[in-house]
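A look at the structure
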4 protein chains.
Amino acid sequence: MKEITHVKINPDMTINELLKEFRYGAGFGGKQLAKAADIYEAMLKDEEATVFCGFAGALIPGGMRQVIIDMLEWGFIDVFVCTGAILTHDLIEAFGFHHYHGSAHVDDRELAKKNLNRIYNVLLPTSAYEKLEEEVQGILQDVKTESLCTADFLHEFGLRVPNENSILGKCARKDIPIFCPALVDSVLGFQIWMARQGRSTTIDAFDDQKRMLDIAHDSKKRGALIIGGGVPKHFIALAMQVTSKGLDYAIQITMDRPEPGGVSGASLEEAKSWKKVDPASEQVVDVICDATIALPLLISSMESRFQGNYRTHKKFERYF
Amino acid sequence: MKEITHVKINPDMTINELLKEFRYGAGFGGKQLAKAADIYEAMLKDEEATVFCGFAGALIPGGMRQVIIDMLEWGFIDVFVCTGAILTHDLIEAFGFHHYHGSAHVDDRELAKKNLNRIYNVLLPTSAYEKLEEEVQGILQDVKTESLCTADFLHEFGLRVPNENSILGKCARKDIPIFCPALVDSVLGFQIWMARQGRSTTIDAFDDQKRMLDIAHDSKKRGALIIGGGVPKHFIALAMQVTSKGLDYAIQITMDRPEPGGVSGASLEEAKSWKKVDPASEQVVDVICDATIALPLLISSMESRFQGNYRTHKKFERYF
Amino acid sequence: MKEITHVKINPDMTINELLKEFRYGAGFGGKQLAKAADIYEAMLKDEEATVFCGFAGALIPGGMRQVIIDMLEWGFIDVFVCTGAILTHDLIEAFGFHHYHGSAHVDDRELAKKNLNRIYNVLLPTSAYEKLEEEVQGILQDVKTESLCTADFLHEFGLRVPNENSILGKCARKDIPIFCPALVDSVLGFQIWMARQGRSTTIDAFDDQKRMLDIAHDSKKRGALIIGGGVPKHFIALAMQVTSKGLDYAIQITMDRPEPGGVSGASLEEAKSWKKVDPASEQVVDVICDATIALPLLISSMESRFQGNYRTHKKFERYF
Amino acid sequence: MKEITHVKINPDMTINELLKEFRYGAGFGGKQLAKAADIYEAMLKDEEATVFCGFAGALIPGGMRQVIIDMLEWGFIDVFVCTGAILTHDLIEAFGFHHYHGSAHVDDRELAKKNLNRIYNVLLPTSAYEKLEEEVQGILQDVKTESLCTADFLHEFGLRVPNENSILGKCARKDIPIFCPALVDSVLGFQIWMARQGRSTTIDAFDDQKRMLDIAHDSKKRGALIIGGGVPKHFIALAMQVTSKGLDYAIQITMDRPEPGGVSGASLEEAKSWKKVDPASEQVVDVICDATIALPLLISSMESRFQGNYRTHKKFERYF
């Protein structure tokens, strides 16, 4: 048995130093976070491993947009899976609008009068959605949507996002596959439906599953970093289940709890019984923490560990 | 101000008596649950109101299948919105397979060897999925999928589920619209993709949004009972936002918390700022409780209040 | 393996019928609650078992006062362990003051101006504390506090609470030992300190531990129902640890989670490693639920099962 | 309104840089943590403010011992309030024993056989408690306990802890008052009771309250950092309530939630209605995060901000 050595901190300690200190110094959440960093590092350094990242929750309003863009830039993501809200919020920022600091202790009826939409302690003016419509419709005039699966559609759309510094724009320009299985359930999805009216076009979500399964199947080893659960978590896990190859590396960061049986709170240990995670793997960890705290810690630590020699994301050439 | 009168219980007290006793007797969760029952009753008795119900989470493995079927039978649901997992689990039971009692304190590697998949304290044998495939493929041979939206596809599929006592079968036979925006992200979705190969068929999720918006728009008043959050919660709320008519009545039952910013844990009060819920409505309540406890309490209480004079669900005739 | 049979509800179903239905019908929280009822019944029917009940949290503001008094009346509690807040809130009601229904969505600065103290959705006027002081000081003039342990002091105090229908009054009159290890950390504790000034009196908390250990040691079998965790949970568990006799029966109802390492959220399974709970016992369950929902369900169910033939609580005659 | 500027990270970023980046870059938990750092800095730099720190939960098994000792060393704590478990775990380490890394996914019955006590993912051998007894009894022979309040007793005890690098030893040697209102509810409390047998000695917890109230009353301004809630949180808040001076600065770090009404999860906003927190104060924040993550971040950030020019803790000379 290894002793808990107690976390030693010092002035101007780096994040990576702290996460290394957590390895043997901390129990509970600190320990789990240290383990997450070590597993993510191992996954990224394993040349055989494909790295699937799932993002759910209001991460862009929560200020994580640049962190995610850095992850894409530095090769920390091979396959990007997200909710429609992630893309919608990303586009709002890409088109020059913003989310704002607010407070959770407010009268929401007053906010409604001011057309300020609240997400816990963050605000988004309704006007941003109106502008979004204009911009999105403009792009959609230009995107062929005949017989496209969602991933291909998002690739085409992303290439046309003027601001390269967007998640969608970055994925498209770097040929990183982007899956959004519930795209229809978003403001962006609504805009797509609007644009399509009267045109003989089709976006077919089912073909995405084939593509995801192909990638999963063809990967020698497989790792996942799952933020917030939801459809992205389930979509990644389902691909592992269907292809009968459990994840070799798995990290999840969530604040949901396992007892009520929902997928977002389900432990990755439980996922071993399903073989969504390889039952023999020790490289598995649940981090119970707000992602706006845990994700920057994790990614800054990765940057320190790679020191500029970043990874090149896997190419799935035949897909694009 | 009204006094907390303290809950009085007695032997053989009915559930409805307890929920009425909670009205003035209890604070905290008990009070919220009593309020939920009163709001649901008001929503069901308001002839102008359309009742949207959203279901997420492993409610069928959790034993809620019959309760949901009762809700459909008794007119407690006008529009059914759910995850693909709800439908998959429902079909597993419809085809004669079962979920089983297990424990959360087990070695998941042992379960994996036995091909038993765990969902907290519930188990599902892998063999159920194999049988599911056979049955689903059989039905899918018979369903036209040309230019169907998901809701229409599920209606056609549901009519062919042999066991009428299934959620999908019941919705179809009663012409209750069933929306599953993330159907692709499920074992059922995977089966659909498999069946479709080589056939020129299309299921188009985007048309579902139009249908949902039409229903929302045409409803004089609108109520929602949301279990577990996720895509179903978001899809219902989005329809309210886009049609600029907030919910007049709203209940959510969840164990997720609001602080990390995810949609499942977001308070319905927050939804007022978005006008997803009518800012002026007092008929709004968050119940922080495991749905396998709260839902049977709520529905049994409704049964007592309606005493057999059940509601007839709204018909959206032009949709089918 | 036993099938999940799916919960069947009907109009005017009793609470006990539902909890029995949950046994095989439900997974997740419903199942855990059914197990809790079965374990509590077994514990109460086991003549060798001493039943320790721990209460933490604002249960009285939450409307649970009469339920707890019923538990004391019907022999469902042999040893009562609680926080100082439980006693303080009980006395506020015993002296004729009340807690009130409020809302969690308010401006707390406005409440402060109105001298209304908020506990989530419950309010307590500051004036109640002022009146409490008067009444408590009156009683304290009459209580000898020389060399009393807290349990003896509370017994003496309780005998003088005019309203027999109080938790403290009921414990005292029925000779049920009442432990409050952190009494000093409460408004009642503050009143005791005030009354004592200038008198050569002592209340010695350490002697309570001896008494608790004696009771634990002398019990052939031991069961616990723990609501909310905190000091009462720890005090009961510590007595088991120190006397080297783990609980034969154990139920906890909490909303706290285990991952951050705190005692309130720690699972009872974990308590087996400490032998606070007998490692061999199967009669152990965690219920993750708001106590204002779970406790009335549990106790009403017990009433139905005992049908008037209530248990006589254990007497620890030498202690009083 | 201020924009969410999105968190920018870089290799070898320091913790303090990240927390400053969180100020405008992050929403949700990241934002709350940044605010906590700014409030703690303001509290520590306000010469009129007394800094009360409350510690609950298994922070020592969680590896936070050195961080807390640093806080004491650098003047970040004027008044130390904790649970008996904090002191017990501290002494176990002070006497040369250790906590160990374990896993939450284990068979607790196996651990019981090996005499390994589990706290989530941390283990403590039973032998440590046996050794603790020996050491504690040795010290207790030497401590006069006549008419001591708990704080004085702990001061005397702490002076005799051989290892200066302990929390209790550090508090005693630096004359930092240490309050432990529920000391009796701990293994250390049990040892004290054992040592006292046959001696005419008394430790009187009620006198601690007077001392706490005197400190609270005499402080021009008052700040609190509360980790984990429980009795320490309540004891600090009660002192503010009774002396009618709300906290000018208040931070809490917890994973408990407010809806069930317990004190640990209650928001500090709610505390304004009680005037436990000054209703007019803007320097108030709840951080929903595992303390083993949030506390090292917060304290490392403080170190960077003070750059060696540490604060001298307030002296309450008349108390010792």
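The structure reproduced in this document is the subject of the present report. Everything numeric in this text was worked out from a predicted model, so none of it was measured.

This part takes up the interface of chain A and chain B. On the side of chain B, 57 residues touch chain A, which itself brings 57 residues to the contact. Mapped onto the side of chain A that touches chain B, the elements with two or more residues apiece are α5 (108–113), β4 (116–119), α9 (187–196), β8 (203–204), α10 (206–218), α11 (230–242) and α12 (268–273) of chain A. Per-element tally for the side of chain A that touches chain B: the top contributor is α11(A), with six residues. For the side of chain A that touches chain B, the per-class residue count stands at 28 nonpolar, 13 polar and 16 charged.

Of the two same-sequence chains, chain A is brought onto chain B (RMSD 0.0 Å, axial shift 0.0 Å) by a rotation of 180°. Such values leave the two copies arranged in the relation of a two-fold axis. Minimal C-alpha distance to the rotation axis in chain A is attained by Ala182(A), lying at 2.4 Å. A high fraction, 100%, of the interface residues of chain A reappear at the interface in chain B, so the copies pair face to face through one surface.

All names here are of chain B. Spatially, six strands are ordered β7-β2-β1-β9-β10-β11 in an open sheet, and the strand pairing comes out parallel. Two strands bound the open sheet, and with one partner strand each, they are β7 (178–179) and β11 (284–288). Across five bridges, the pairing between strand β10 (residues 249–254) and β11 is parallel. For Ala250, the partnering residue across the bridge sits in β11 and is Val284.

Right, let's talk about the packing of helix α3 (residues 65–73) of chain B against helix α13 (residues 291–306) of chain B for a bit. How two helices sit against one another is set out by the angle between their axes and by the gap between those axes. All names here are of chain B. Taken N-terminus to C-terminus, the directions of α3 and α13 make an angle of 35°; their axes are 10 Å apart at the nearest point. Judged by the twist between their axes, the crossing of α3 over α13 is left-handed. Within the contact between the two elements, α3 uses Val67, Asp70 and Met71 and α13 uses Leu295, Pro296 and Ile299. For the contact of α3 with α13, the class distribution of residues is five nonpolar, no polar and one charged.

If you rotate chain A by 180° and push it 0.0 Å along the axis, it lands on chain D with an RMSD of 0.0 Å. Take the interface residues of chain A: 100% of them recur as interface residues in chain D, which is what a same-surface contact looks like.

Let us now look at the pairing of strand β5 (residues 122–125) of chain D. Residues and elements named next belong to chain D. Bridge analysis of strand β3 (residues 100–101) against β5 gives two bridges, and the strand direction is antiparallel. Within β5, the residue paired with His101 across the bridge is Val122. Pairing geometry for strand β4 (residues 116–119) and β5, over four bridges, is antiparallel. Paired with Leu116 across the strands is Pro125, a residue of β5. Where β4 hands over to β5, the hairpin turn is made up of two residues, of which Tyr120 adopts a positive phi near 45°.

What counts, and at which threshold
Throughout this document, residue positions are counted from 1 along each chain, in the order its sequence is written. Here every chain gets a letter starting at A, and every ligand a number starting at 1, in the order they are written. Since the coordinates come from a predicted model, pLDDT governs what is reported: local features require at least 70, and pairs of side-chain atoms require 80 or more to be given and counted, while whole-chain, interface and lining totals use all residues. Any residue pair is listed as a contact if its two C-beta atoms, each placed from the backbone, are within 7 Å. By the criteria applied, helices consist of DSSP H or I runs no shorter than four residues and strands consist of E runs no shorter than two, each listed in order from the N terminus. Only Asp, Glu, Lys and Arg are considered charged, only Ala, Val, Leu, Ile, Met, Phe, Trp, Tyr, Cys and Pro nonpolar, and every remaining residue, Gly among them, polar. The fit set for superposing copies consists of C-alpha atoms from residues with pLDDT of at least 70 in both; the fit itself is least squares. Pairing between two strands requires that DSSP report at least two bridges joining them. Helix axes are fitted to C-alpha atoms over the stretch in contact, other axes to C-alpha atoms as well, and angles between N-to-C directions run from 0 to 180 degrees. Here a crossing is called left-handed whenever its near helix is offset anticlockwise from the far helix by less than a right angle, and right-handed whenever the offset is clockwise.

Geometry only, nothing functional implied.
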